[in-house]
Amino acid sequence: MNTENTRISKDQYFMKIAEVVKLRSTCIRRSVGAVLVKDSHILSTGYNGAPSGFKHCTPETCLRVNLKTGEKPELCRGVHAEINCIIQAAIHGTSIMGNTTLYTTTFPCMSCLKLLINAGIKRIVYKEPYNMKNKVKMEMTKEANLVIDKI
């Protein structure tokens, strides 16, 4: 029986869903799950991996397998979880404009952050930090008036 004292918050609830979505990732380096939420309703989900219809990432297909995190991102054949969220919403005709929150297991990279800003996302809730010392990235979150919460 769930009582008010043990009931999880909405942020915890949606982050747990992002953790489950992450289990679908096909990336061999880092699994990421993301959920787009508006008015407490899930709009779309996404995880990182090779484009639809492509072979999953393997040590043989990953050109970045021996590189440092964030090094030579142009060699990655995967689509990031945040972008897959936006793509899935678009494919299904779901508007993400308005008071939309992205729940993600890992804070977005610079490229994803720019796309999220252009997509009109207002809040990002994340579990694990990623490249948080990037001053340009952090300045962009402020300039875009993004609300950033770590859970």
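One can find the structure itself at the top, above this paragraph.
Attention in this report is confined to the structure presented alongside it.

The rules we used
- Residue numbers here run from 1 along each chain, matching the order of that chain's written sequence.
- Residues qualify for local features only when their pLDDT is at least 70, as the model is predicted, and side-chain atom pairs are given and counted only at 80 or more; totals for whole chains, interfaces and linings, by contrast, use all residues.
- Side-chain metrics rest on all non-hydrogen atoms present in the structure, leaving aside hydrogens and water.
- Helix and strand definitions here come from DSSP, where helices need a minimum of 4 consecutive H or I residues and strands a minimum of 2 consecutive E residues; each element is numbered from the N-terminal end.
- This radius of gyration counts C-alpha atoms alone. The globule rule is 2.2 Å times how many residues there are, raised to the power 0.38.
- Contacts are residue-level and defined by heavy atoms, with any inter-residue pair within 4.5 Å sufficient.
- Note that accessible areas follow from Shrake-Rupley with a 1.4 Å probe, and for residues the cover is restricted to the protein chains shown.
- Charge counting follows a simple rule: Lys and Arg are positive, Asp and Glu are negative, and His as well as the terminal groups are ignored.
- We put the charge of a Lys on NZ, of an Arg on CZ, of an Asp on CG and of a Glu on CD.
- The rule for a salt bridge is simple: a side-chain nitrogen of Lys or Arg has to be within 4 Å of a carboxyl oxygen of Asp or Glu.
- Inter-axis angles, ranging from 0 to 180 degrees, are taken between N-to-C directions of lines fitted to C-alpha atoms, where helices are fitted over the stretch in contact.
- Any angle between 65 and 115 degrees counts as roughly perpendicular, while under 35 counts as roughly parallel, over 145 as roughly antiparallel, and the rest as oblique.
- Rotating anticlockwise by less than a right angle from the far helix to the near helix defines a left-handed crossing, while the corresponding clockwise rotation defines a right-handed one.
- Being paired, for any two strands, means DSSP has found at least two bridges between them.
- Throughout this description, the term nonpolar core refers to a set of buried Ala, Val, Leu, Ile, Met, Phe, Trp, Tyr and Cys residues connected via side-chain atoms within 4.5 Å.
- Any residue under 20% of the maximum accessible area for its type is buried, any over 50% is exposed, and the rest in between are partly exposed; the area is computed with a 1.4 Å probe on protein chains only.

A look at the overall build of the protein
Then, in step 1: A tally of regular secondary structure across the protein gives 4 helices and 5 strands.
Then, in step 2: Counting from the amino terminus, the protein carries its helices and strands in the arrangement α-β-β-α-β-α-β-α-β.
Then, in step 3: Compactness check: the protein gives a C-alpha radius of gyration of 16 Å against a globular reference of 15 Å for 151 residues, within 12% of the reference.
Then, in step 4: The principal-axis extent of the C-alpha atoms belonging to the protein is close to 50 × 40 × 30 Å.
Then, in step 5: Across the protein, the fraction of contacts at a sequence separation of at least 24, relative to all contacts at a separation of at least 6, is 59%.
Then, in step 6: Here the protein has roughly 9,300 Å² of accessible surface; of this, 54% comes from carbon and sulfur atoms.
Then, in step 7: Across the protein, the centroid of the 22 positively charged side chains sits 3 Å from that of the 12 negatively charged ones.

Examining the environment of S44
Then, in step 1: In this structure, S44 sits in strand 2 (residues 41-47).
Then, in step 2: The contacts of S44, once residues within four sequence positions are left out, are A34, V35, L36, C85, Q88 and A89.

Looking at the pattern of salt bridges
When their charged atoms lie close together, side chains carrying opposite charge are able to pair.
Then, in step 1: Tallying each qualifying case throughout the model produces 4 salt bridges.
Then, in step 2: Between K22 and E19 there is a salt bridge, with the nearest N and O atoms lying 3.7 Å from each other. Residue K22 and its partner E19 are located together in helix 1 (residues 10-22), separated by 3 residues, close to a single helical turn.
Then, in step 3: Residues participating in the shared-partner salt-bridge network are D11, R123 and D149.

As for the packing of helix 3 (residues 110-118) against helix 4 (residues 135-143)
Then, in step 1: For the pair helix 3 and helix 4, interaxial distance at closest approach is 10 Å and the crossing angle is 15°. By the angle class used here, helix 3 and helix 4 are roughly parallel. In terms of crossing hand, the pair formed by helix 3 and helix 4 is left-handed. Judged by residue contacts, M110, L113, K114 and I117 of helix 3 engage V136, K137, M140 and T141 from helix 4.

Re the sheet that holds strand 5 (residues 147-150)
Then, in step 1: If you walk across this open sheet you meet the 5 strands as 2-1-3-4-5, and the pairing is mixed. Two strands lie at the open edges of the sheet, namely strand 2 and strand 5, each paired on one side alone. Across this sheet, the average inter-strand angle for adjacent strands is 20°, counted without regard to direction.
Then, in step 2: Where strand 1 (residues 33-38) meets strand 3 (residues 100-106), 5 bridges bridge the pair, whose relative direction is antiparallel. Along strand 3, the bridge assignment pairs K38 with T100.
Then, in step 3: Across the sheet, helix 2 (residues 81-91) is in contact with strand 1, strand 2 and strand 3; its angle to strand 2 comes to roughly 130°.

Quick look at the nonpolar core
Then, in step 1: Core analysis: the largest hydrophobic core is formed by 21 residues, its most contacted members being L36, I86, I96, L102, L116, I121 and I124.
Then, in step 2: At the level of secondary structure, the elements contributing two or more residues to this core comprise strand 1, helix 2, helix 3 and strand 4 (123-128).
Then, in step 3: Among the elements that line this core, the one with the most residues is helix 2, at 5 residues.
Then, in step 4: Core analysis: the second largest hydrophobic core is formed by 8 residues, F14, A18, V35 and Y103 among them.

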